[in-house]
Amino acid sequence: MNIDSIISTLTAGGYSVATAESCTGGMIASTIVDVPGASDCFNEGYVTYSNEAKMKNLGVKDSTLMAYGAVSYETAMEMAKGVRKKAKADFGVSSTGIAGPGGGSPKKPVGLVYIGCAYGDDECIVKELRLKGDRTTVRTSATKEALKLLEECINKIGE
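Residues numbered from 1 in each chain as written. Predicted model: local features only at pLDDT ≥ 70, side-chain atom pairs only at ≥ 80, totals over all residues. Heavy atoms only, no water.

Going by the annotation in an unreviewed UniProt entry, the name recorded for the protein chain is Nicotinamide-nucleotide amidase, with Pseudobutyrivibrio xylanivorans given as the source organism.

**Student:** Quick question: what am I supposed to make of the sheet that holds strand E1 (residues 17-21) here?
**Tutor:** Either a parallel or an antiparallel arrangement is found when strands of a sheet pair, and the pairing is made through backbone hydrogen bonds. Strand order in the open sheet made by the 5 strands is E2-E1-E3-E4-E5, with mixed pairing throughout. At either end of the open sheet lies a strand with only one pairing partner, and these are strand E2 (42-47) and strand E5 (123-130). Mean inter-strand twist for the sheet, computed between neighbouring axes without regard to direction, equals 10°. Relative to E5, strand E4 (residues 112-119) runs antiparallel, the two sharing 8 bridges. Looking across to E5, one finds that Val113 is bridged to Leu129. (Pairing = 2+ DSSP bridges. Helix = DSSP H or I, 4+ residues; strand = E, 2+ residues; numbered from the N terminus. Axes fitted to C-alpha atoms, helices over the stretch in contact; angles between N-to-C directions.)

**Student:** Would you mind going over the pairing of E2 with me for this structure?
**Tutor:** Remember that side chains alternate between the two faces of the sheet whenever the strand is regular. Relative to E2, E1 runs parallel, the two sharing 5 bridges. When the sheet's bridge partners are listed, Glu21 is paired in E2 with Val47. At this point the chain moves from E1, through helix H2 (residues 27-33), to the parallel E2, and the crossover so formed is right-handed. (Right-handed = clockwise from strand over helix to strand, strands pointing away.)

Written out as structure tokens, the structure reads:
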């Protein structure tokens, strides 16, 4: 994953991207805007740490949060689709997970992260990650994986 290449491809294609982050706390957006010229393709980003923020800003359904929890495939999908729609972006990237050191459970351990990317005609890819390391390592790894997923989705548009 080369962030400069991702930004160049988005800009050259006239595409835009928006982010919806929970466990990464803005690291995906920050990595994007670290690249000169990112303003040509980056619309906006949301750090929606609480369930209320996910519902208010991204349109995540209360029923989804109640049934599956904030750290779930379903929530990551609704976050990605919601930010894409709200920002009127071509791509919506999301992250939600448990960075640790606390907050994990046997069913949802520390390092469990879901990343999503919405694009095209209501397409959305969500990936489950099982990351190892301390809080910073989990967040950094999730950010890298989310940007790899964005790159994958950009390539699908070109197919």
